[in-house]
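# Observations on chain architecture
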Amino acid sequence: MATQAPAVAGVFTRASSGLVRQVATRDVMFYGVQQIALSYIVFIVIAWGSYPGASMPLAGLIATTAGVAMGICYAMFATLYPRSGGEYVYLSRTLAPVIGFMVSFSFALWESFYTGINGAFLSLYSISPFLAAMGLQLNSQGLLNASTWFTSGWGIFLTGTICIAILAYLQYRGAGVYFRWQRWASYVVLGSIVVTVLVLFLAWTGALSFQHNFDALAGSGAYNKVVAQGVKAGVAPAAPFDFSQTLKFMIWPAFSIWFAVASTSFSGEVKNVQRSQLIGITGAMLLMGLSFIVLTALFQGAFGSSFILSASAKGIPLNAPAYTPLFTAIAGGNPLLTILMSLWVLLIAVFVSGTTIIYASRASLAWALDGVAPDWLGRVNEKFHSPHWAILLWSVVGVIFLSLFAFTTVLGPISGFLGLAISFIVVSIWAIFFPFVRREQFENSPIAWRVGGFPLMSLLGIVATILVGYGFYRLAIDSSFTPNLGFADGGAAVGLVFAFIWFYAFKAYRRRQGVDIDRRYAQIPIE
Amino acid sequence: MRIYFCSDIHASRKCWKKFLNSWKFYEADHIIVGGDITGKFVVPIIKTAPNTYTATFLGVERKIDSEEALEVLKTRIADAGQYWFITDPEEYATYEADQGKVDKLFRKLVVDRAEEWMAEADQKLKGTGVRCFVSGANDDFFEIDSVIAKSEVIEDPNGKVIELAGGFELLGMGYGNPTPWACPRDIPEAQLAERIDKVAANVRNMDRAIFSLHVPPLGSGLDVAPKLDDYLRPRVGGAGLEMIPVGSTATRDAVLKYRPLIGLHGHIHESRGIRKLDGVTITNPGSEYGEGVLDGLLVDIDPNSGLRRVELVMG
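What counts and how
- Residues numbered from 1 in each chain as written.
- Chains lettered and ligands numbered in written order.
- Predicted model: local features only at pLDDT ≥ 70, side-chain atom pairs only at ≥ 80, totals over all residues.
- Heavy atoms only, no water.
- Helix = DSSP H or I, 4+ residues; strand = E, 2+ residues; numbered from the N terminus.
- Rg over C-alpha atoms; globule rule 2.2 N^0.38 Å.
- Buried < 20%, exposed > 50% of the residue type's maximum accessible area, 1.4 Å probe, protein only.
- Areas by Shrake-Rupley, 256 points an atom, 1.4 Å probe, with all protein chains shown as cover.
- 1 Å grid on protein atoms, 1.4 Å probe; cavity = no way out; pocket = protein on both sides within 12 Å on 5 of 7 lines; lining within 4 Å.
- Points joined across faces, edges and corners; volume = space filled by probe spheres on them.
- Nonpolar A, V, L, I, M, F, W, Y, C, P; charged D, E, K, R; others polar.
- pLDDT = per-residue confidence, 0-100.
- Contact = heavy atoms within 4.5 Å.
- Polar contact = N/O pair within 3.5 Å; in protein donor to acceptor, adjacent residues only side chain to side chain.
- Phe/Tyr/Trp six-rings, centres within 6.5 Å; stacked < 30°, edge-to-face > 60°.
- Lys NZ or Arg CZ within 6 Å of the ring centre and 35° of its normal.
- Pairing = 2+ DSSP bridges.
- Axes fitted to C-alpha atoms, helices over the stretch in contact; angles between N-to-C directions.
- Parallel < 35°, antiparallel > 145°, perpendicular 65-115°, else oblique.
- Left-handed = near helix turned anticlockwise from the far one by under 90°.
- Patch = residues over 30% accessible without salt bridge, like charges linked within 9 Å, V, L, I, M, F, W, Y side chains within 5 Å.
- Salt bridge = Lys/Arg side-chain N within 4 Å of Asp/Glu carboxyl O.

## Concerning the overall build of chain B
Across its full length, chain B holds 7 helices and 20 strands. A compact globule built from 315 residues would reach a C-alpha radius of gyration of about 20 Å, and chain B, at 20 Å, matches this within 12%. Over its C-alpha atoms, taken along the principal directions, chain B stretches across nearly 65 × 55 × 30 Å. When burial is assessed residue by residue, chain B has 60% of its 315 residues classed as buried. With an accessible surface of roughly 12000 Å², chain B has 50% of that area assigned to carbon and sulfur atoms.

Listed below in structure tokens is the structure:
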């Protein structure tokens with residue numbers, strides 16, 4: 001028998017099988033990059049006016065800090081339970097099965113809601129503004145008409161459905177195929193963001209003139225007229241810096257950046273979960289958090305804070321919506337630059353729907369394996385090793401939400417973020433107590449790190465709970481963030497209640513089949 | 001009749017203790033470990049001063065400053081399926097420079113733990129009526145066979161057919177097809193097929209035969225593992241990680257030829273599942289021994305109607 005010593009510093013190993021797992025640190029990070037959906041910085045900039053005195057870059061920094069603390073907690077739990085299914089797996093095993101299921105169900109439900117909504121937003125806030133910018137720059141009525149079509153019900157529905165169908169097909173072909181597409185899209189996204197930053201920097205320094213280019217398209221003095229309208233309406237100039245408003249505004253970037261933690265849903269498919277999730281989650285948050293900070297600072301410098309506030313409140317004298325991608329295109333003043341700078345907005349808007357399908361399909365796969373969902377949701381395609389029925393189910397649910405958004409006004413005022421944020425707060429709080437309540441499991445794990453004798457997981461849990469807890473609270477009461485608070489809060493509660501009933505109904509159903517669900521979660525006693 | 005089957009527990013103290021209690025927990029009358037009961041890592045605990053030790057365990061450097069803490073660390077190492085041994089910096093340096101010495105250390109620690117386990121099984125299972133089967137498989141040194149043989153309650157089905165209640169029979173085979181690691185019981189497919197055929201000739205009724213063949217059938221879906229390069233690293237291609245079937249043709253041929261009641265397999269930790277191979281139910285409970293989780297299978301068999309239910313469980 002051959003031996004080797006030491007393969008790991010201070011540890012001897014011998015030749016034996018099964019010492020390998022899968023790979024993908026960069027793909028975990030790119031998943032986070034797409035899930036964060038920086039494209040929706042469009043809304044965040046528009047919402048800025050509702051928080052007078054708020055600093056967008058500082059809000060981004062606070063959100064990123066909170067996100068990293070929480071993200072490391074997620075990565076640590078994923079290290080303990082390196083299986084697909086995300087928080088369902090570790091909460092059901094370490095806290096309580098029903099809580100794990102409720103949190104996971106809520107997240108999966110609202111992720112699928114956003115599968116549809118993101119499909120709609122691709123059309124509304126990515127393709128349409130891009131075509132509008134191109135139409136204006138090329139003086140093409142055809143492109144402007146196309147831009148308008150993409151805001152129509154059928155435009156939204158068809159675009160979103162095609163997007164979801166393609167993403168579902170790629171995922172059906174297996175994680176390897178999907179992540180390869182996501183990887184190349186992410187490289188293009190990062191390159192496109194760099195081009196955007198360079199153009200905005202030039203506009204900020206005066207080498208490129210946004211005001212001049214805007215006036216050239218909208219008429220002489222148009223820029224000043226927009227600002228004057230804002231001043232008259234009382235939304236401009238920007239109010240002096242206000243930290244409390246910055247904190248309140250923090251939830252806007254937070255509820256993009258924090259979603260990188262959803263990568264723990266496919267932990268069973270990546271190699272070296274500890275490294276992949278730690279680097280992947282924090283890397284995505286830091287990269288996109290930094291992008292947010294830089295972009296918002298440059299937006300203000302390049303376009304002028306007063307212009308942004310005025311345009312967001314009163315609109316612009318162009319046949320196009322007052323969105324930052326349009327302003328960036330105008331600042332560049334060149335159709336080729338417009339294409340290059342639109343790529344990140346377009347590609348993220350496409351792939352964010354893919355990230356939501358991955359989360360929901362992996363969560364439901366884990367439920368099915370435990371017997372709390374139909375068995376067919378747990379079936380994995382033999383050829384491509386993908387949970388094909390789960391992918392199909394959540395894609396169809398996403399298209400249903402998409403059609404409701406496209407053809408009715410039912411979903412207009414709903415925000416699904418509260419239903420998603422339940423996971424953030426539960427995991428953050430549990431991270432504080434886990435090393436003490438499950439002391440043996442914590443100590444007997446590769447994440448038994450301590451700072452000054454205190455578990456690092458608990459320390460991060462405390463930081464995350466304070467900041468995420470504040471975000472959760474603001475989310476529940478901030479009517480600027482969610483127009484119809486009662487409906488949104490009620491929706492989150494209904495999701496939880498439904499999950500509770502589902503869990504116990506399935507438990508009873510399995511008992512009739514002679515299967516004791518509790519056995520799936522219970523550990524065999526060792527003494 | 002209810003069988004509880006698990007495999008690949010790789011020296012995890014916690015998994016072994018769970019296994020010994022599994023019959024009560026799952027109300028099983030037969031419990032089986034399908035091989036690979038020995039571990040792959042030794043953690044040297046280096047004594048640097050009186051009551052002061054240091055060790056690297058699961059990638060985290062542990063500093064120990066009391067005998068009580070030392071006992072806790074030993075237990076944790078054993079729970080994770082690893083072996084500990086106390087040494088000092090000078091002796092540790094001699095191991096680093098001597099492959100043969102490390103090899104000898106492994107064999108001693110493997111046998112020591114197997115002996116502890118057998119004694120524990122005798123104490124816990126004697127007089128309970130439960131039948132317990134444990135065998136070595138491709139990762140296990142041959143020395144453990146004689147350790148298992150000394151147990152008063154454990155039966156080793158490796159290379160034989162053992163009669164169970166109701167006319168059912170258990171056929172065991174711990175040998176496996178070649179792996180990149182050249183493990184102790186890796187043999188060529190032709191030899192493996194020959195060994196299976198030889199044992200299968202002793203089965204009286206294939207409809208009531210339970211095949212515990214460590215390596216799953218090739219291409220069965222229970223044998224998917226990452227493809228490795230020349231340095232035993234997973235290969236990543238344009239479409240991501242390259243996964244390939246690594247099961248055995250000999251096992252596959254045996255299942256297709258003899259069509260037993262059920263095939264119980266292990267070996268590939270990541271390929272947990274229940275499948276059909278030309279109508280024959282085949283299974284792999286997977287393994288997460290490193291986390292102290294005992295992945296297993298419950299097989300309910302009716303003496304009259306045969307296989308009733310097969311369920312994956314996680315303990």
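## What about the layout of surface pockets?
All names here are of chain A. In this structure, the second largest pocket spans a volume of roughly 730 Å³. As for the second largest pocket, its lining consists of 34 residues, of which Phe 43, Tyr 114, Phe 121, Trp 252 and Phe 417 are closest to the centre. Listing elements by their share of the lining of the second largest pocket, those giving two or more residues are helix H1 (25-36), helix H2 (41-47), helix H5 (97-138), helix H12 (251-257), helix H16 (335-370) and helix H18 (417-437). If you tally residues by element for the lining of the second largest pocket, the top one is H5, at 7 residues. A breakdown of the residues in the lining of the second largest pocket according to their chemical character gives 25 nonpolar, 8 polar and 1 charged.

## Details of the confidence of the model for chain A
Residue and element names in this part refer to chain A. Averaged over every residue, the pLDDT of chain A is 90; the share at 70 or more is 94%. Helix H11 (residues 243-249) holds the highest mean pLDDT among the elements of chain A, 97, whereas strand E1 (residues 3-8) holds the lowest, 39. Per-residue pLDDT stays below 50 along residues 1-9; that stretch engages in 18 contacts with residues further than four places along the chain or on separate chains. Confidence drops under pLDDT 50 across residues 15-23; counting only partners more than four residues distant or on other chains, this segment forms 45 contacts.

## Re the environment of Arg 309 of chain B
Residue placement: Arg 309 of chain B occurs in strand E20 (residues 306-314). Residues Arg 309 of chain B and Arg 2 of chain B, spaced 307 residues apart in sequence, show a C-alpha to C-alpha distance of 9.5 Å. Apart from residues no more than four positions distant in its own chain, Arg 309 of chain B is found in contact with Gln 513, Gly 514, Val 515 and Arg 519 of chain A together with Arg 2, Leu 298, Val 299 and Asp 300 of chain B. In terms of polar contacts, Arg 309 of chain B uses its side chain to reach the side chain of Glu 311 of chain B, at 2.5 Å.

## As for the packing of aromatic side chains
The full count for this structure, using the stated rule, is 73 aromatic pairs over all chains. Residues Tyr 88 of chain A and Phe 101 of chain A carry aromatic rings whose centres are separated by 6.4 Å and whose planes lie at 85 degrees to one another, so their mutual orientation is edge-to-face. With Tyr 88 of chain A in helix H4 (residues 87-94) and Phe 101 of chain A in helix H5, this residue pair connects regions lying 13 residues apart in the sequence. Take Tyr 88 of chain A and Phe 101 of chain A: they sit in the same class, and that class is buried. Here Lys 101 of chain B stacks its cationic end above the ring of Tyr 95 of chain B, 4.8 Å away from the centre of that ring. Here Arg 107 of chain B stacks its cationic end above the ring of Phe 141 of chain B, 4.4 Å away from the centre of that ring.

## Regarding the environment of Ser 92 of chain A
Residue and element names in this part refer to chain A. Following the sequence through the fold, Ser 92 ends up in helix H4. Between the C-alpha atoms of Ser 92 and Val 103, which are 11 residues apart in sequence, the distance is 9.6 Å. Apart from residues lying up to four places away in sequence, Ser 92 is in contact with Glu 87, Pro 97, Gly 100 and Tyr 521. For Ser 92, the side chain forms a polar contact with the main-chain oxygen of Val 89, separated by 3.1 Å. A distance of 3.0 Å separates a polar atom in the side chain of Ser 92 from a polar atom in the side chain of Arg 93.

## Describing the sheet that holds strand E9 (residues 161-163) of chain B
Residues and elements named next belong to chain B. Pairing in this open sheet of 6 strands is mixed, and the strands run E9-E10-E11-E16-E18-E17 from one edge to the other. Lying at the two open borders of the sheet, with one neighbouring strand each, are E9 and strand E17 (273-277). Strand-to-strand twist of the sheet, defined as the mean angle between neighbouring strand axes without regard to direction, takes the value 20 degrees. Sheet topology note: the strand E16 (residues 262-264)/strand E18 (residues 280-284) ladder contains 3 bridges and is parallel. By the bridge assignment for E18, Leu 264 is matched with Thr 283. On top of the sheet, helix H6 (residues 189-200) reaches E9, strand E10 (169-173) and strand E11 (209-213); it is set at about 160 degrees to E10, its chief contact.

## Re the packing of H5 of chain A against helix H15 (residues 324-332) of chain A
Residue and element names in this part refer to chain A. One way to put it is that H5 packs onto H15 with a least axis distance of 9 Å and a crossing angle of 30 degrees. By the criterion of interaxial angle, the relationship of H5 to H15 is roughly parallel. In this structure, H5 crosses over H15, and the sense of that crossing is right-handed. In contact with Ala 132, Ala 133, Leu 136 and Gln 137 of H5, H15 contributes Leu 326, Ala 329 and Ile 330. Its residues assigned to classes, the contact of H5 with H15 shows 6 nonpolar, 1 polar and no charged.

## Re the packing of H15 of chain A against H16 of chain A
Packed helix pairs are specified by the crossing angle of their axes together with the interaxial distance, meaning the distance between the axes. Residues and elements named next belong to chain A. Relative orientation of the contacting elements H15 and H16 amounts to 155 degrees, with a least axis distance of 9 Å. In terms of axis orientation, H15 runs roughly antiparallel to H16. When you trace H15 past H16, the crossing you get is right-handed. Touching Pro 325, Thr 328, Ala 329 and Gly 332 of H15 are Leu 337, Thr 338, Met 341 and Val 345, all from H16. Looking at the contact of H15 with H16 residue by residue, the class counts come to 5 nonpolar, 3 polar and no charged.

## A word on the sheet that holds strand E19 (residues 295-302) of chain B
Residues and elements named next belong to chain B. Pairing within the open sheet is mixed, and its 6 strands lie in the order E8-E7-E2-E1-E19-E20. Both edges of this open sheet fall to strand E8 (154-155) and E20, since each of them pairs with a single strand only. In terms of strand pairing, strand E1 (residues 2-6) meets strand E2 (residues 30-33) through 4 bridges, oriented parallel. Residue pairing for E2: Cys 6 is matched across the bridge by Val 33. Each of E1, E2, strand E7 (131-134), E8, E19 and E20 is contacted by helix H1 (residues 13-26), which is oriented at about 155 degrees to E2, the strand it contacts most.

## Notes on a nonpolar patch on the surface
Residue and element names in this part refer to chain A. Taken together, the side chains of Ile 429, Phe 433, Phe 436, Val 437, Val 451, Phe 454, Leu 459, Ile 462 and Ile 466 present a nonpolar region at the surface, about 770 Å² in accessible area. Of all elements in the fold, only H18 and helix H20 (456-477) reach the threshold of two or more residues within the nonpolar patch. Among the elements that make up the nonpolar patch, the one with the highest residue count is H18 (4 residues). In this structure, Ile 462 sits in helix H20.

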